[in-house]
Structure formats: C-alpha cells, structure tokens
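# An overview of the molecular structure
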Amino acid sequence: MTGFAYSTPTPADPVIDALVAALPKVSLHCHLLGTVAPATVVDLARKHRVDLGGRTADDLYDHDSYEDLGEFLRVLDVVGSVVRDLDDLHRVTYESLTAGGAAHGVLYREIQLSPPGHEGVPYSRLLDGVIAGARDAETDTGIGFGLVIGINRERSGAEARRLVEQVIADRRDEVLGIGLDYAEVNGPPHGFVEAYRLAGDAGLGRTAHSESGPPAHVLTLLDDLGCSRIDHGYHVVDDPEITARCVEERIPFNCTPVSSDIGRYSGSGDGTHERIREMVDAGLCVTIDSDDPPMFGTDPTHDFRVLAHALGYGAEQLGAFTLNAVEATWLDASDKQALRQRVEAALAAVPTP
Ligand SMILES: [Zn+2]
C-alpha cells in the first residue's frame, strides 16, 4: 500500500500485480527530496514551525499541476526547506530506502542528492545525515546504495564548479558521481563543461538530465560532459544517427514513465509511453525508475506496472530493464557482479503465468 492514490491508475490485474511486486529493481533515477512522504513533510514542517500555507498531507502534492516543471520545482523547494538537521536527513533517507525502496524490491539505489535544494545545510552535514540514514536502511533491509550529487543547472557554471570542488575536497566513498538536474530549458548542458571535466579528472561518474532536448544535447552530454549515462533522454529517438550511436555504445537511459508522462517528455500525457516503446524497439539500453515517486503519485513498483499495462511488457522485458540498470551502475566490477547475482536469483523466482 502506498498511502496515496496513484496519479495513473491501472485496471485490476492480479497477474501483472504479482509480477511487478516480485520483480527485483535497481534504482538509478530517484531524487531524495522527491521521495519524501507527504506525512513526513507535514511532520517536519511542524517541528521547524514552517508554514505550509494550509496544505495537509492529502493535498501537499498536486501531481496534475506538475506538467509545469516550474510548479513542481517550487513544491520541491518547500520540501527541501523542512529537511534541516541530521535527524531529518537520516529520517527522509531511511524512509526513502525502506518503505520507498526495499519494500518495492529495490535491491540497490544510486540516490540523486541535490545540495542546492537543501539551502542552508552545509554539504558535510548533508552527507553525514544521508549516509547515516542509508547505512541504517542497508543494515535493516539489505538495500545497497551510492550517492549522485546533483548540480542545479538553473544556476551558473561557476557555482557548479564550486560544488564539484567541494565534492572532491570532502571525498566520501559513498559518493560515486555527479548529475545535472532542474529545468534543461533554463540551463543547457554546454554551460557545465568545466565542472564535468573537473569531476571526470577526479574519477567521478557522470550523468545528466535531458528531458526536453533537442537530441543534439545527448551528444553534448556524451562528448563534452563525459557522461556515461543519461537521465530521461526520450528525444534521442528523434535522431536516427544519434540513436544508432547510443545503441552501439550501450549508453543507458534512465527513464521514469509516470513522471515523464505527466511532464509530457515521454509522450503526450495520455499514458501510452510511446517514446519508451520506441527506445526499446530501437535497441537502446533503457532502465526504469520512479524519479520523485510520492510527488508524482507513483512508486517503484507502479512505474513497472504502468508499462506492463500500456506496452504489454512481461517478465522478460521488465527483467531486462533491471539487468540494464545493473550494467549502468557505478559499482566496481566485483560489487556489480554480486548485485547481478542477487538480481538473477530474484528474477528466477518471479511468477510466470
Ligand atoms: Zn529526475
């Protein structure tokens, strides 16, 4: 049970429900602040005496309004404003990885963490709280984790560079790489070449959001920013040549069906998920995750469920998404092999009709 109504309800189907519940999942595109349950936001607002403008846990997240990315980001800032001290950071991380992760069969998550979204929280405190919460979740449920530090692309390239310098100066084993988020239209990728080169020189993994295009931005991400994977990237299929290259190089695309449908990136908001089907049919390496699950009225299981309904995918294709995600992680070779074995064992136990 999720405790909230799905934004994209599907017809009752016990076979699909059993399949997606049992499916092992590996999560590469999920933002910590976007995973905070509404009841937790209300609790923390009360604790810190933050006025939520009369909003309650029932109406805090209005997913239909997030077709406008700006509106979504404004609510995300409100969530960030109530997550302040070590206890808060521990709590939201722990809940994200247990009720929001392991309970859905997520075996491993590379958490996207956006320091600019935690205004006023020093970077070292942010990491201390998140890592402590994640460690406890790992101990209690076995879920593995790594961290991806997100740059806010609506701010300057100089600020991005300073954040990367901080990541390098306060180096933690848990921090595996960097990402680039917020609205692509307000921060095209070429403004971040310098920050990404610095991260690459320090051996950090690199990913970036590309939700609205154009397809040429995929080339900028690969060739100028040195990304080894891309978050969203649906528009790649508009360019057959770039698509062919990404197929050839096995570039992973971390797709998020429900949030992208609401945001009109992967389709026209009609739940058909045509872009994801085109990407799969083209032979691209696609992974599936849930982006900002409670905010978009979804969860890690439901994103697989909507694809099973909309595109008719069964155990083989849904399992392939998870195996693609194993391949796309930034784990070292032995940890990746151990995760692959856990995923394969879980896939072998998935019920077949
Ligand atoms: Zn995202």
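Below you will find a few notes about this structure.

Procedures and definitions
Residues numbered from 1 in each chain as written. Predicted model: local features only at pLDDT ≥ 70, side-chain atom pairs only at ≥ 80, totals over all residues. Heavy atoms only, no water. Buried < 20%, exposed > 50% of the residue type's maximum accessible area, 1.4 Å probe, protein only. Helix = DSSP H or I, 4+ residues; strand = E, 2+ residues; numbered from the N terminus. Right-handed = clockwise from strand over helix to strand, strands pointing away. Pairing = 2+ DSSP bridges. Contact = heavy atoms within 4.5 Å. Axes fitted to C-alpha atoms, helices over the stretch in contact; angles between N-to-C directions. 1 Å grid on protein atoms, 1.4 Å probe; cavity = no way out; pocket = protein on both sides within 12 Å on 5 of 7 lines; lining within 4 Å. Points joined across faces, edges and corners; volume = space filled by probe spheres on them. Nonpolar A, V, L, I, M, F, W, Y, C, P; charged D, E, K, R; others polar. Salt bridge = Lys/Arg side-chain N within 4 Å of Asp/Glu carboxyl O. Donors = N, O, S within 2.8 Å, 3.2 Å for Na, K, Ca; no water. Patch = residues over 30% accessible without salt bridge, like charges linked within 9 Å, V, L, I, M, F, W, Y side chains within 5 Å. Areas by Shrake-Rupley, 256 points an atom, 1.4 Å probe, with all protein chains shown as cover. Lys, Arg positive; Asp, Glu negative; His and termini not counted. Charge placed at Lys NZ, Arg CZ, Asp CG, Glu CD. Parallel < 35°, antiparallel > 145°, perpendicular 65-115°, else oblique.

Before going further, it helps to spend a moment on the pairing of strand β4 (residues 175–181). In terms of burial, β4 is largely enclosed, as 7 of its 7 residues are buried. Each parallel crossover has a hand, and for strand β3 (residues 144–152) linked through helix α6 (residues 157–169) to β4 it is right-handed. As paired elements, β4 and strand β5 (residues 205–206) share 2 bridges and run parallel to each other. Bridged to I178 within β5 is R206. Traced from β4 through helix α7 (residues 193–201) to β5, the parallel crossover comes out right-handed.

Next up on the list: the sheet that holds β3. As summarised here, the arrangement of the 5 strands in space is β1-β2-β3-β4-β5, forming an open sheet in which the pairing is parallel. In this open sheet, the two strands that pair with only one neighbour each are β1 (25–31) and β5. The strands that helix α5 (residues 123–141) touches are β2 (106–113), β3 and β4; relative to β3, the one it contacts most, it runs at about 155°.

This paragraph deals with the sheet that holds strand β8 (residues 252–255). Within a sheet, each strand pairs with its neighbour through backbone hydrogen bonds, oriented either parallel or antiparallel. Spatial ordering of the open sheet is given by β6-β7-β8-β9, a layout of 4 strands whose pairing is parallel. The outermost strands of the open sheet, each flanked by one partner alone, are β6 (209–210) and β9 (285–288). Strand direction decides the pairing type here: β8 and β9, joined by 4 bridges, are parallel. Across the sheet, the residue bridging to F253 is V286, located in β9. This element, helix α11 (residues 274–282), spans β7 (230–232), β8 and β9 of the sheet and lies at about 160° to β8.

Now for empty space enclosed by the protein. Enumeration according to the criterion identifies 1 cavity of 30 Å³ or more in this entry. Roughly 310 Å³ of internal volume is contained in the largest cavity. Lining the largest cavity are 24 residues, with H31, F72, L73, H209 and D292 positioned closest to its centre. If you list the elements that add at least two residues to the lining of the largest cavity, you get α3 (69–82), β2 and α10 (257–262). Take the lining of the largest cavity: its biggest share by element is 4 residues, from α3. When the residues that make up the lining of the largest cavity are grouped by side-chain class, the tally is 12 nonpolar, 8 polar and 4 charged.

The next subject is helix α8 (residues 216–224). H217, V218, T220, L221 and L222 are the residues of α8 that are buried. Packed against the buried residues of α8 are β6, β7 and α9 (240–248). In the segment just after α8, G226 is the residue with positive phi, at about 70°.

Below, the discussion takes up the pattern of salt bridges. Here the structure, examined in full by the defined rule, presents 23 salt bridges. D43 is the partner of R91 in a salt bridge, and the nearest nitrogen-oxygen pair spans 3.1 Å. With R91 in helix α4 (residues 86–97) and D43 in helix α2 (residues 38–47), this pair connects stretches of sequence that are 48 residues apart. Here D43 falls in the partly exposed class, since its relative accessible area comes to 32%. Between R161 and E165 there is a salt bridge whose closest N-O contact spans 3.0 Å.

Take the side chain of S290 next. You can see S290 is positioned in the loop between β9 and α12 (300–311). Exposure remark for S290: the relative accessible area of 1% places this residue in the buried category.

Between any two of four tetrahedral donors, the ideal angle at the metal is 109.5 degrees; between two of six octahedral donors, it is 90 or 180 degrees. With distances of 2.1 to 2.3 Å, the protein atoms coordinating the zinc ion are H29 (NE2), H31 (NE2), H209 (NE2) and D291 (OD). Donor residues binding the zinc ion come from one chain and are separated in sequence as H-x1-H-x177-H-x81-D. Of this pair, H29 sits in strand β1 while H209 is found in strand β6, placing the two residues 180 residues apart along the sequence. An identical accessibility class is assigned to H29 and H209; each is buried.

Together, D58, D59, D62 and D64 make up a negatively charged patch on the protein surface. Relative to the helices and strands, D58 is located in the loop between α2 and α3.

On to the packing of helix α13 (residues 315–328) against helix α14 (residues 333–348), then. Between α13 and α14, the least distance of the axes is 10 Å, while the angle of their chain directions is 170°. Relative to α14, the element α13 is oriented roughly antiparallel. Residue-level contacts link G319, T322, L323, V326 and E327 of α13 to K336, L339, R340, V343, E344 and L347 of α14. The class makeup of the residues in the contact of α13 with α14 is 5 nonpolar, 2 polar and 4 charged.

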